Amino acid sequence: MNAPNASGWKPGTPVEGHNAMSGPDTATGNRALMLEEPLLFEIGHVETTGVDLPEPQAGANRLGGFDRKDPIGLPGLSEPETVRHYTRLSRQNYAIDLGLFPLGSCTMKHNPRLNEKIARMPGFADVHPLQPVDTVRGALEVINELAFWLIDLTGMQGVAMSPKAGAHGELCGILCIRAALEARGDAREVILVPESAHGTNPATAAFAGYRVEDIPANSDGRVDLEALKARLGPDVAGVMITNPNTCGLFERDMKAISDAVHEAGGFVYCDGANFNAVVGKVRPGDLGVDAMHINLHKTFSTPHGGGGPGSGPVVLSEALCPYGPLPFTARTKDGVVRLVEEENAAEFDHTKAFGRMTAFHGQMGMFTRALAYILSHGADGLKQVSEDAVLNANYILRSLEDVLDAPFGHSGPCMHEALFSDKGFADDVSTLDLAKALIDEGYHPMTMYFPLVVHGAMLVEPTETESKAALDQFIMALRSVAGRAKAGDETLKTAPHYAPRRRLDETQAARKPVLAWNDPDMA
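Conventions and cut-offs
Residues numbered from 1 in each chain as written. Predicted model: local features only at pLDDT ≥ 70, side-chain atom pairs only at ≥ 80, totals over all residues. Heavy atoms only, no water. Core = buried A, V, L, I, M, F, W, Y, C linked by side-chain atoms within 4.5 Å. Buried < 20%, exposed > 50% of the residue type's maximum accessible area, 1.4 Å probe, protein only. Helix = DSSP H or I, 4+ residues; strand = E, 2+ residues; numbered from the N terminus. Contact = heavy atoms within 4.5 Å. Phe/Tyr/Trp six-rings, centres within 6.5 Å; stacked < 30°, edge-to-face > 60°. Lys NZ or Arg CZ within 6 Å of the ring centre and 35° of its normal. Disulfide = S-S within 2.5 Å. Salt bridge = Lys/Arg side-chain N within 4 Å of Asp/Glu carboxyl O. Pairing = 2+ DSSP bridges. Axes fitted to C-alpha atoms, helices over the stretch in contact; angles between N-to-C directions.

## Considerations on the nonpolar core
Stage number 1. Core analysis: the largest hydrophobic core is formed by 54 residues, its most contacted members being Leu146, Leu150, Met161, Leu228, Ile294, Leu296 and Phe300.
Stage number 2. When residues of this core are assigned to their parent elements, the largest contribution, 10 residues, is made by helix α11 (residues 364-400).
Stage number 3. Dropping the residues within four chain positions of it, leucine 296 is found in contact with Leu146, Leu150, Ser301, Thr302, Ser311, Pro313, Met366, Phe367 and Ala370.
Stage number 4. With 31 residues, the next largest nonpolar core counts Leu100, Ile396, Phe425 and Leu478 among its residues.

## So, the packing of aromatic side chains
Stage number 1. Taken as a whole and assessed by the stated rule, the structure comprises four aromatic pairs.
Stage number 2. Plain terms: the ring middles of phenylalanine 300 and tyrosine 373 are 6.1 Å apart, the flat faces sit at 65° to each other, and that makes the pair edge-to-face. Of this pair, phenylalanine 300 sits in the loop between α10 (296-299) and β7 (314-316) while tyrosine 373 is found in helix α11, placing the two residues 73 residues apart along the sequence.
Stage number 3. Across from the ring centre of tyrosine 210, 4.8 Å away, lies the NZ or CZ of arginine 178, which sits over that ring.

## Topic: the state of the cysteines
Stage number 1. Counted according to the given criterion, the structure contains zero disulfides.
Stage number 2. Unpaired in this structure, cysteine 176 has its nearest cysteine sulfur neighbour in cysteine 172, at a distance of 4.5 Å.
Stage number 3. With no disulfide of its own, cysteine 247 lies closest to cysteine 414 among cysteine sulfurs, the gap being 11 Å.

## Some remarks on the pattern of salt bridges
Stage number 1. This model, assessed by the stated rule, comprises 27 salt bridges.
Stage number 2. Glutamate 213 is the salt-bridge partner of arginine 211, the closest N and O atoms lying 3.7 Å from each other.
Stage number 3. Accessibility expressed as a relative area gives 22% for glutamate 213, which makes it partly exposed.
Stage number 4. For arginine 398, the salt bridge goes to glutamate 401, with nearest N and O atoms at 2.7 Å.
Stage number 5. On the basis of relative accessibility, which here comes to 36%, the residue arginine 398 falls in the partly exposed class.
Stage number 6. For glutamate 401, a relative accessible area of 36% translates into the label partly exposed.

## Considering the sheet that holds strand β2 (residues 190-194)
Stage number 1. Read across the open sheet, the seven strands follow the order β1-β7-β6-β5-β4-β2-β3; overall the sheet is mixed. Each end of this open sheet is capped by a strand with a single partner; those strands are β1 (158-160) and β3 (211-215). Neighbouring strand axes in the sheet, compared pairwise and without regard to direction, differ in orientation by 25° on average.
Stage number 2. Where helix α5 (residues 137-154) meets the sheet, its contacts fall on β1, β6 (291-294) and β7, and the angle it forms with β1 comes to roughly 125°.
Stage number 3. Most of the contacts of helix α9 (residues 254-263) go to strand β5 (residues 267-272), to which it runs at about 145°, and overall it touches β4 (236-242) and β5.

## A closer look at unusual backbone geometry
Stage number 1. Residue leucine 326 is joined to proline 327 through a cis peptide bond whose omega torsion reads -5°.
Stage number 2. In this fold, proline 327 is placed in the loop between β7 and β8 (328-331).
Stage number 3. Look at the link from alanine 495 to proline 496: it is a cis peptide, with omega at 5°.
Stage number 4. Among the structural elements, proline 496 can be located in the loop between α13 (468-487) and α14 (506-511).
Stage number 5. The backbone of serine 105 sits at a positive phi, close to 70°, despite the residue not being glycine.
Stage number 6. With respect to the helices and strands, serine 105 occurs in the loop between α2 (79-91) and α3 (113-119).
Stage number 7. By relative accessible area, which is 7% here, serine 105 ends up buried.
Stage number 8. Phi at serine 301 is positive, roughly 75°, even though this residue is not glycine.
Stage number 9. One can find serine 301 in the loop between α10 and β7.

So yeah, pure geometry; function would need other evidence.
Here it is, written out as structure tokens:
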């Protein structure tokens, strides 16, 4: 190994006046079994190699003039050195398999291993989008079966399976709305987005060429119905509403909102990222929704965030179905599931599609995981999932509202996530300080500073997969840190003290990130 970590990290770096001072600094930089980990380039040397290769025999150069002019500069490591490097790095990561992951609006839930086993079956894991259709009949059956479940759970008419993430699904829904309006010669220009919607909603509408206008929330944290009605008019193409919303509340006026928008000639898009709170309990189609994306990687447990790719199928109402994108699957009278594409769209009376969202059919791995999750739970199990998710969130809300301000605690039970603010913290203590201190307590922080309508917001989503014992331990930790925040504990300003990395300059990290290693000898 070269000199100890040139990147500057020392796990035992002491903090003045803090109990991290209790142990001596170590010569290696290691702390117990948490090993110091330099960068790969700091471990190996370009002069060495981990394997011995025979000298190449001279032969004709077939590189066509593309020979490397400079040394490649890669460090040479043996296989054990390489394996240990990445294993040590993996230990410094936090994952849902290590502990509670309370990111609000993200539904970071346990992923049953059954789903992973199904997704890794060769017939699904090895399928290629360019295989002849006759060789992937089983995969098409899976896509079609999942589509059936999504339509049934939402009370909608059809579903576009190809969008690959939530925001991608939003764009799909908005493009369906645009296609429907254009088909009737109606060039509307405005999409209304309530303050309590996800931030991707206005971004999607703007990306699709619409002008975005805000609709305020009422004192309960829900859409101001009268303000929305007052703004509706012949220029409004539709609304994008997140339900349950980002304040963790169900939009009780959803049906009235849909009726008003339809009467004004617009369409209703619902952000279904929080569907986990209502699946099996409420069907968006019954509330007048015209389009809604479903995050398979949230509601149906497939890995989320850094754990894997997403998938955002979009369910559509009868009014928007004719404009849904290609391709999709359909079962014909002979019982065979067929793939509907441009070549045979007329045969399936689907000639008004706005186009494609992706080249192929979507995320097969997400489809298999989601269907395995749905079938293993069944309809009654999915209903129980949402009930338990809501119960857990309300347990956290009511267990903490005496030490943390709950701005909408008066609005009744929350749905799947509990929302708090920084009201009552000492003047120089912020939500960020509390979140960093939670890392020292062994927890990934909750979603911070979102939604924007709440100052210093902390959005906690426990999901249904956490036990009461796990929730009680998290509540104990958060109560402790909240008490320190209200008392103005100065050690919060330098937290985390025990993490592999100390607090970063987040502004510099966001605006001037250093993403490449530079050889100091070449600088």
